[in-house]
Amino acid sequence: MREEEIEKLRGVVRDCVSKHLYSSAIFFADKVAALTSDPADIYMQAQALFLGRHYRRAFHLLNASQIVLRDLRFRYLAAKCLEELKEWDQCLLMLGDAKVDEHGNVSDMKDCNVMYLDKDGEDREINILSAICFLRGKAYEALENRAQARQWYKAAMKADPLCYEALERLIENHMLTCEEETSLLSSLQFAPEDGWISSFYSCLIKKYDKENIVESKFRELEQEGCNVKPSDQSICTLKNNTDLLACKAEYYHQCGEYQKCFELTSVLLERDPFHLKCTLVHLTAAMELGHSNELYLMACNLVKDYPQKALSWFAVGCYYYCIKKYDQSRRYFSKATSLDGTFPPAWIGYGNAYAAQEEGDQAMSAYRTAARLFPGCHLPTLYIGMEYMRTHSFKLAEQFFMQAKAICSSDPLVYNELGVVAYHMKEYKKAVWWFEKTLALIPSSLSEMWEPTVINLAHALRKLRRYHEAVTYYEKALALSTRSLSTYAGLAYTYHLQDNFTAAIRYYHKALWLKPDDQFCTEMLTLAIVDESRQGVELKTESRQNELFI
């Protein structure tokens, strides 16, 4: 057969692959490989077999060829076959020996002189060494060696920053702390034209910066654009990109702006109903807002469309949690963890469902599992601390809050809990410091979510007899919410301590309007009235004595 006819057959194979006609591709690729015995044609046949899900046959073909040890493409595809067959140890053996340090720097690579024969390579392609590092990471993760997996994912990113899947694994599986994520991104070598990718990656990692910094990053990316046709004056931008808007929704959720987050995710899901990252953020925002009907509809659709995904059963668990049926919610969170043991929200939800019923031991067990599986996520450690605080084990609670702070030093919620522990331990100066630090770290303007922190700070200031400052913060809390008994009672008691009985009586009444049977406010109101009447009598007596003296 002439070379032109063989080249034509190669074109047929490529076209069959592009049209997903894999049996046809396998048939013609087999004939081309038999006619030429060219390594590139053998690789094309193996690729067709892999795409047609004939993994054993593809692996046998690659392994039988002598070039498998000399061409990285052959070795990588053979390892991919073993990955699909879940033979992880064999997969690592196929990829060869190499060592990686904690920072993702690879040493002892024995593949430096190995060929990389690719006749049809693109102008811009992912470095094959990056893909190999990523596959090593997946193998180690499947073997539950998460420390090694983390290092190989970092190595994949360093070998080629365009290997997005490695970054996705590191972020979604919470393998890195906030500082480690930032450090990794700053160490990546982007090409001059890839500056926008660096900005996009910085929006994907944990976002605890101030609102103006994060918003400026989003604005910069939204303005990123290009002219598709030189003759066309219109510019395409990333402004309406679903991934970017999902990042923004995630940021709103992190800031506690749940309504804003819910509205944005609702718009996004109308445009792309199957964007799973956005779906997860939408579910958590709906649960925070108590939208049980929305959770029910979402759960039904997800279970119908994705019955084998952990997210679907997590949504069912969220619905039952929202309507306070914690036994059922726990069952479905447990099912989500059994489908995907590396799905962080399911483990957190599982622990929270136990905690809601004050079943501390089971809740702690779930949180500890989550802390072990996701070392870069500070929430399990934070919740363990909260459970210890609920049982008045304040020293232990403080230790876990400090661990959470070491993992994520920029989450204001951690500092709030440290302040609460200090308050319970009667260390009021330290409590004031922690609460002030919390308010300083809040990324956006104060919202109702942070009203308890403002009240806690006011209580701590009152304990230190800094009454004027306490009153200021109580009034700030009232500006955030007018339905808090604690605020009215604290403000009334502070005025009472200042001997401003009229103001104290007014605020005791407001507190009792919210909760008429509150014992503290009822008793203190009686005392305030007695104190005011006594003060009135003393003033009258004093004025009479002054008159007599005159």
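Remember, it's a predicted structure, so these values are computed and weren't measured experimentally. (Residues numbered from 1 in each chain as written. Predicted model: local features only at pLDDT ≥ 70, side-chain atom pairs only at ≥ 80, totals over all residues. Heavy atoms only, no water.)

Turning to the overall build of the protein chain, a few remarks are in order. A tally of regular secondary structure across the protein chain gives 29 helices and four strands. For 550 residues, the compact-globule estimate of 2.2 N^0.38 gives 24 Å, and the C-alpha radius of gyration of the protein chain, at 31 Å, exceeds that figure by more than 25%. With respect to the principal axes defined by its C-alpha atoms, the protein chain has extents near 130 × 60 × 45 Å. Each of the 550 residues in the protein chain was classed as buried or not, and the buried ones make up 47%. Of the contacts formed within the protein chain by residues at least 6 apart in sequence, a portion of 55% connects residues at least 24 apart. Computing the positive centroid from 64 side-chain charges and the negative centroid from 74, the protein chain places the two 3 Å apart. (Helix = DSSP H or I, 4+ residues; strand = E, 2+ residues; numbered from the N terminus. Rg over C-alpha atoms; globule rule 2.2 N^0.38 Å. Buried < 20%, exposed > 50% of the residue type's maximum accessible area, 1.4 Å probe, protein only. Contact = heavy atoms within 4.5 Å. Lys, Arg positive; Asp, Glu negative; His and termini not counted. Charge placed at Lys NZ, Arg CZ, Asp CG, Glu CD.)

Attention now moves to the confidence of the model for the protein chain. Model confidence for the protein chain is summarised by a mean pLDDT of 88, while 91% of its residues fall at 70 or above. Averaged over each element, pLDDT in the protein chain is lowest for strand β3 (residues 225-226) (58) and highest for helix α17 (residues 310-322) (96). In the model, residues 545-550 has pLDDT below 50 throughout and makes zero contacts with residues more than four positions away in sequence or in other chains. (pLDDT = per-residue confidence, 0-100.)

This brings us to the pattern of salt bridges. Here the structure, examined in full by the defined rule, presents 24 salt bridges. Between Asp-15 and Lys-19 there is a salt bridge, with its nearest N and O atoms 2.7 Å apart. Salt-bridge contacts for Glu-102 lead to Arg-150; the nearest nitrogen and oxygen are separated by 3.4 Å. Within this pair, whereas Glu-102 is found in the loop between β1 (99-100) and β2 (106-107), its partner Arg-150 is found in helix α8 (residues 146-159), the two being separated by 48 residues in sequence. A residue is classified by how much of its surface remains accessible, and Arg-150, at 16% relative accessible area, is buried. One network of salt bridges, in which partners are shared, links Glu-3, Glu-7, Arg-10, Arg-14 and Asp-41. (Salt bridge = Lys/Arg side-chain N within 4 Å of Asp/Glu carboxyl O.)

Within the fold, Tyr-467 resides in helix α26 (residues 467-480). Along the sequence, Tyr-467 and Gln-148 sit 319 residues apart, while their C-alpha atoms lie 55 Å from each other. Excluding anything up to four places from it in sequence, Tyr-467 contacts Arg-462, Thr-494, Leu-497 and Gln-498.

What follows covers helix α28 (residues 501-514). With 14 residues, α28 extends 20 Å from end C-alpha to end C-alpha; this agrees with the ideal 20 Å at 1.5 Å per step. Listed as buried for α28 are Phe-501, Ala-503, Ala-504, Ile-505, Tyr-507, Tyr-508, Ala-511 and Leu-512. (Expected span 1.5 Å × (residues − 1).)

This part is about the side chain of Glu-417. With respect to the helices and strands, Glu-417 occurs in helix α23 (residues 412-424). Arg-390 is the oppositely charged side chain nearest to the buried, salt-bridge-free Glu-417, at an N-O distance of 11 Å. Leave out the neighbours within four places in its chain, and Glu-417 touches Leu-382, Met-386, Met-389 and Phe-401.

A few words on the environment of Leu-382. With respect to the helices and strands, Leu-382 occurs in helix α21 (residues 379-390). Its relative accessible area of 0% is what places Leu-382 among the buried residues. In sequence terms Leu-382 and Ser-444 are 62 residues apart; their C-alpha atoms lie 22 Å from each other. Leu-382 has contacts with Phe-401, Ala-404, Leu-413, Val-414 and Glu-417, leaving out every residue within four places of it along the chain.

Another point: the packing of aromatic side chains. Tallying each qualifying case throughout the model produces 24 aromatic pairs. The interplanar angle of 40 degrees and the centroid separation of 5.7 Å between the aromatic rings of Tyr-43 and Phe-74 together place this pair among those described as tilted. With Tyr-43 in helix α3 (residues 39-51) and Phe-74 in helix α5 (residues 72-84), this residue pair connects regions lying 31 residues apart in the sequence. Pair check on accessibility: Tyr-43 and Phe-74 agree, each one buried. Sitting over the ring of Phe-27, Lys-31 keeps its end group 4.0 Å from the ring centre. Sitting over the ring of Trp-313, Lys-335 keeps its end group 3.8 Å from the ring centre. (Phe/Tyr/Trp six-rings, centres within 6.5 Å; stacked < 30°, edge-to-face > 60°. Lys NZ or Arg CZ within 6 Å of the ring centre and 35° of its normal.)

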